[in-house]
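Breakdown of the fold
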Amino acid sequence: MGASKTAHFTQKQNEIAALMKALGHPARVAIIDYLLTVDTCICGDIVNELPLAQPTVSQHLKELKNAGLIKGSIEGNAICYCIDEETFSKFQNFLSEVFGKIKVQKNNCC
């Protein structure tokens with residue numbers, strides 16, 4: 001989908017699509033899993049947890065941060081990352097709406 005096509009969709013639809021795109025790679029899902037497991041902001045530990053080179057991990061972190069799924073703050077010469085709870089709350093609300101509609105349609109379908 002070209003960049004100009006996003007104008008045909010609502011802001012909410014574009015935001016959800018960006019979140020889903022960011023979560024569309026297993027390394028990014030693994031990063032989110034790790035951040036949820038440690039339940040704190042971490043600095044540099046992610047590279048040790050994934051079978052990927054540091055520049056690759058950095059690129060995945062950048063994509064997650066650009067999508068708003070994680071936050072990064074500079075502490076000394078390191079960047080510390082943690083889950084952006086507000087974004088995940090919005091994503092959870094969207095998924096709850098979807099699953100609620102699926103349940104209703106299931107009862108009204110074939």
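Our subject in this report is the structure included herewith. (Residues numbered from 1 in each chain as written. Predicted model: local features only at pLDDT ≥ 70, side-chain atom pairs only at ≥ 80, totals over all residues. Heavy atoms only, no water.)

**Comments concerning the sheet that holds strand S1 (residues 42–43)**
- Spatially, S1-S3-S2 is the arrangement adopted by the three strands of the open sheet, whose pairing is antiparallel. Two strands close off the open sheet at either side, each with one partner strand: S1 and strand S2 (70–75).
- Bridge count for S2 against strand S3 (residues 78–83) is six bridges, and the pairing is antiparallel. Bridging across to S3, Ser73 finds its partner in Cys80.
- Helix H4 (residues 54–66) contacts S2 and S3 of the sheet and is inclined by roughly 115 degrees relative to S2. (Pairing = 2+ DSSP bridges. Helix = DSSP H or I, 4+ residues; strand = E, 2+ residues; numbered from the N terminus. Contact = heavy atoms within 4.5 Å. Axes fitted to C-alpha atoms, helices over the stretch in contact; angles between N-to-C directions.)

**Let's talk about the environment of His8**
- Note on placement: His8 falls in the segment before helix H1 (11–22).
- Looking at His8, the relative accessible area reads 63%, which means it is exposed.
- Sequence separation between His8 and Val29 is 21 residues; the distance between their C-alpha atoms is 29 Å. (Buried < 20%, exposed > 50% of the residue type's maximum accessible area, 1.4 Å probe, protein only.)

**Details of the pairing of S3**
- Inspection of the sheet shows S1 paired to S3 by two bridges, in the antiparallel sense. Following the sheet pairing, Cys43 is matched in S3 by Cys80.
- Here S2 hands over to S3 after two residues, with Gly76 in that stretch at a positive phi of 70 degrees.

**Quick look at the pattern of salt bridges**
- Taken as a whole, this structure holds two salt bridges when the rule is applied.
- The shortest N-O distance in the salt bridge between Lys12 and Glu97 comes to 3.0 Å. Of the two residues, Lys12 sits in helix H1 while Glu97 sits in helix H5 (residues 85–108), which places them 85 residues apart along the sequence.
- Judged by relative accessible area, Lys12 falls into the partly exposed class, the value being 41%.
- The closest approach of N and O atoms between Glu86 and Lys90, which form a salt bridge, is 3.8 Å. Of the two residues, Glu86 and Lys90 are both situated in helix H5; the distance of four residues between them amounts to about one turn of the helix.
- Judged by its relative accessible area of 56%, Glu86 falls in the exposed class. (Salt bridge = Lys/Arg side-chain N within 4 Å of Asp/Glu carboxyl O.)

**A look at H4**
- Spanning 13 residues, H4 covers 18 Å between terminal C-alpha atoms, matching the ideal 18 Å at 1.5 Å per step.
- When H4 is considered as a whole, its buried residues turn out to be Val57, His60, Leu61 and Leu64. The arc enclosing the buried residues of H4, seen along the axis, measures out at 100 degrees, which places them on a common side. In H4, those exposed residues whose orientation departs by more than 90 degrees from the buried face are Pro55 and Asn66.
- Elements that come into contact with the buried residues of H4 comprise H1, helix H2 (26–38), helix H3 (46–49), S2 and S3.
- Following H4 by one or two positions, Gly68 adopts a phi angle in the positive range, close to 85 degrees. (Expected span 1.5 Å × (residues − 1). Arc of directions from axis to C-beta.)

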